[in-house]
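Residue-level structure breakdown
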Amino acid sequence: MRRPVLYALVALVAVGVLVALQPTARSFASKAAGRVVSMAHDLVDPPQTVEDLHARLFDPATAVVIGPANAAEASTIVIFVDYNCVYCRRQAHVLDLMEAEGRMPRVILRHLPHSEESIALAQAMLAARRQDGAAALHRVMMAAEARIGPADLPALAAAAGLDPEKLRADAAAPDVEALLDADLDMAWNLRIRSTPTMIAAGALRRGVRSGDEIEASLRP
């Protein structure tokens, strides 16, 4: 444990001197301090691979699933999303087009919310499974043209054909919070920090992907 502690102390010193540096030097030092902290994190809690977490990532019982329900795993992708991420909305549009064209893969949705608002949305999505309405709520949320949050959930739920009050109560259930925590844990273990991030054929693919790219990634 001595090396991680040393790295952390060095990072703190580096951060402490940032205020005394010129803007360019401050930017460089900030990045260097970030790398040191990241190294310390990796020593204390080493990153894992998609192969290490494969069973958890591709377990449909712990996630919202859209697309063909009975598709083989070879035709399945995992995507980490944030419902206020504009790039996630673009990726959702790509998947809608794939569905219209009859080439939709099975998609296992995992959550990586970047704000308190998005945390509430992710919990609502997971809770919607209790009304068999998660896929419908996913489409309604991804179709939003502005930021959304807890105050929008009653209208979003109604638009998806769900009972808003039941959704609110279910979203606060401990098992729903546990599912979201598990998604965040997997994202951390894989060092996923941005959305959308896709997992296909054992590889991480960051950013928006076209339908052709998704299909190509699933080919043997």
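Described below are features of the structure shown in this document. For clarity, every value in this text was computed on a predicted model and none was experimentally measured. (Residues numbered from 1 in each chain as written. Predicted model: local features only at pLDDT ≥ 70, side-chain atom pairs only at ≥ 80, totals over all residues. Heavy atoms only, no water.)

Description of the pattern of salt bridges
Between side chains of opposite charge, pairing is possible as soon as their charged atoms come close. To keep it simple, the criterion reads: When a carboxyl oxygen of Asp or Glu lies within 4 Å of a side-chain nitrogen of Lys or Arg, that pair is called a salt bridge. Labels follow the DSSP assignment, with helices taken as runs of H or I lasting at least four residues and strands as runs of E lasting at least two, numbered in each case from the N terminus. Burial classes: relative accessible area under 20% of the type maximum marks a residue as buried, over 50% as exposed, and values in between as partly exposed (1.4 Å probe, protein chains only).
For the structure on display, the rule yields 11 salt bridges. Of the charged contacts, one joins Asp185 and Arg56 as a salt bridge, the two residues approaching to 3.4 Å between their closest N and O atoms. Residue Asp185 is found in helix α9 (residues 174-189), and its partner Arg56 is found in helix α3 (residues 54-57); the two are separated by 129 residues along the sequence. Looking at Asp185, the relative accessible area reads 34%, which means it is partly exposed.

Let's talk about the layout of surface pockets
Defined as follows: Of the grid points, spaced at 1 Å and generated over the protein atoms alone, those admitting a 1.4 Å probe that cannot get out make up cavities, while open sets with protein on both sides within 12 Å along at least five of seven lines make up pockets; any residue with an atom within 4 Å of a point is treated as lining. Grid points are joined across faces, edges and corners, and a volume is the space filled by probe spheres set on the points. Gly is placed with the polar residues, together with every amino acid not listed as nonpolar (Ala, Val, Leu, Ile, Met, Phe, Trp, Tyr, Cys and Pro) or charged (Asp, Glu, Lys and Arg).
Its volume calculated, the largest pocket comes out at about 190 Å³. Ala120, Ala124, Pro150, Leu153, Pro154, Pro164, Glu165, Leu167, Arg168, Ala171 and Ala172 together form the lining of the largest pocket. For the lining of the largest pocket, the secondary structure elements donating two or more residues are α5 (116-127), α7 (153-159) and α8 (164-171). Looking at the lining of the largest pocket residue by residue, the classes come out as 9 nonpolar, no polar and 2 charged.

Some remarks on α9
What counts here: Expected helix span is given by 1.5 Å per residue-to-residue step, counting one fewer step than there are residues. Contact criterion: two residues are considered in contact whenever any of their non-hydrogen atoms come within 4.5 Å of each other.
Spanning 16 residues, α9 covers 22 Å between terminal C-alpha atoms, matching the ideal 22 Å at 1.5 Å per step. Among all positions of α9, only Val176, Leu179, Leu180, Asp183, Met186, Ala187 and Asn189 are buried. Looking at the buried side of α9, the elements it contacts are α3, β2 (76-81), β3 (106-111), α5 and α8. Arg191 sits one or two positions beyond α9 and adopts a positive phi of about 60°.

A few points about the sheet that holds β2
Spelled out, the test is: Should DSSP find at least two bridges between two strands, the strands are taken to pair. Axes here mean lines fitted to C-alpha atoms, for a helix over just the part in contact, with angles spanning 0 to 180 degrees between N-to-C directions.
With mixed pairing, the 5 strands of this open sheet are ordered in space as β1-β3-β2-β4-β5. Bordering the open sheet on either side are β1 (64-66) and β5 (203-206), each of which pairs with just one other strand. Between one strand axis and the next, the sheet turns through 25° on average, direction left out of account. Here β2 runs beside strand β4 (residues 197-200); their pairing, made up of 3 bridges, is antiparallel.

Some thoughts on the state of the cysteines
The condition is simple: We call a pair of cysteine sulfur atoms a disulfide whenever their separation is within 2.5 Å.
In total, this model carries 0 disulfides according to the counting rule given. With no disulfide of its own, Cys85 has Cys88 as its nearest cysteine by sulfur position, at a separation of 3.1 Å. Judged by its relative accessible area of 10%, Cys85 is buried.

Topic: a nonpolar patch on the surface
Rule in force here: Only residues whose relative accessible area exceeds 30% and that take part in no salt bridge are eligible for patches, with like-charged residues grouped when within 9 Å of each other and nonpolar side chains (Val, Leu, Ile, Met, Phe, Trp, Tyr) grouped when within 5 Å. Calculation of accessible area relied on Shrake-Rupley with a 1.4 Å probe; when residues are assessed, cover is drawn exclusively from the protein chains displayed.
There is a patch of nonpolar side chains on the surface, built from Val86, Tyr87 and Val208 and spanning about 250 Å² of accessible area. The topology assignment puts Tyr87 in helix α4 (residues 86-100). We classify Tyr87 as partly exposed; its relative accessible area is 43%.

The quantities given are spatial measurements derived from coordinates; they are silent on function.
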